[in-house]
Amino acid sequence: MAKLLCALLLALLGISMVATQVWAKEAEYQLDSGRYGPGSLKSYQCPSECTRRCSKTQYHKPCMFFCQKCCNKCLCVPPGFYGNKTVCPCYNNWKTKRAGPKCP
């Protein structure tokens, strides 16, 4: 019985490791797809990309204001709703006077 339980746990661990690797590859593909990065947008695309970026925040107005400001300067909005700023170096490196992030 103990051997069966150990074998089952090892099988579950193996399956979860494979699934994690597959998800990581999918995320890597999405970030490298060429749709993101410096200068990947035109200024008229900023409102729709910022709407996507800010859609899940409770601070929608300030998020939209700063996202559009950053997008117009950098011509880039990172993928996803949060994080992934390394895809857009300008967006990532623009800081406030207090050295906090300027772009959401």
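Relevant structure appears above.
Owing to the predicted nature of the structure, the values given are computational and were not obtained by experimental measurement.

1. Things to note about the state of the cysteines
The tally for this structure, following the rule as stated, stands at six disulfides. For Cys54, the disulfide goes to Cys63, at an S-S distance of 2.0 Å. Classification of the bridge connecting Cys54 and Cys63 rests on its S-S torsion, roughly -80°, and on that basis the disulfide is left-handed. Cys54 gets classed as buried once you look at its relative accessible area, which sits at 0%. Looking at Cys63, the relative accessible area reads 12%, which means it is buried. Sulfur-sulfur distance for the disulfide between Cys74 and Cys90 comes to 2.1 Å. Note on the Cys74 and Cys90 pair: the S-S dihedral is about -65°, so by sign convention the disulfide is left-handed. With Cys74 in helix H3 (residues 60–74) and Cys90 in helix H4 (residues 89–93), this residue pair connects regions lying 16 residues apart in the sequence. Look at Cys74 and you get buried, because its relative accessible area is 8%. Overall, the relative accessible area of 32% leaves Cys90 in the partly exposed class. Cysteines bonded in the protein chain are numbered consecutively along the chain; their disulfide partners then correspond to 1-7, 2-5, 3-4, 6-12, 8-11, 9-10.

2. Some words on the nonpolar core
Ranked by size, the top nonpolar core spans 17 residues in total, and within it Cys50, Cys54, Cys67, Cys71, Val77, Cys88 and Tyr91 carry the most contacts. Of all the secondary-structure elements, those providing two or more residues to this core are helix H2 (46–53) and H3. The element best represented in this core is H3, accounting for six residues. For Cys54, the residues in contact, after removing those within four places along its chain, are His60, Cys63, Met64 and Cys67.

3. Thoughts on the side chain of Lys85
Inspection of the secondary structure puts Lys85 in the loop between H3 and H4. The contacts of Lys85, once residues within four sequence positions are left out, are Arg53, Pro78, Tyr91, Asn92, Pro101, Cys103 and Pro104.

Here is what the cut-offs are and how they apply
All residue numbers refer to positions counted from 1 along the written sequence of the respective chain. The model is predicted, so local features are restricted to residues of pLDDT at least 70 and side-chain atom pairs to those at 80 or more, both for listing and for counting; the totals for chains, interfaces and linings are taken over all residues. Values shown for side chains rest on all heavy atoms present in the structure; no hydrogens or waters enter the calculation. Note on disulfides: each one is a pair of cysteine sulfur atoms within 2.5 Å. A 1.4 Å probe rolled over the protein chains alone gives each residue an accessible area, and that area as a share of the maximum for its type sets the label: buried under 20%, exposed over 50%, partly exposed in between. Numbering of helices and strands runs from the N terminus, with a helix taken as a DSSP run of H or I at least four residues long and a strand as a DSSP run of E at least two residues long. We call a set of buried Ala, Val, Leu, Ile, Met, Phe, Trp, Tyr and Cys residues a nonpolar core when their side-chain atoms join them within 4.5 Å. Contact between two residues is taken to exist if any of their heavy atoms lie within 4.5 Å; hydrogens are not considered.

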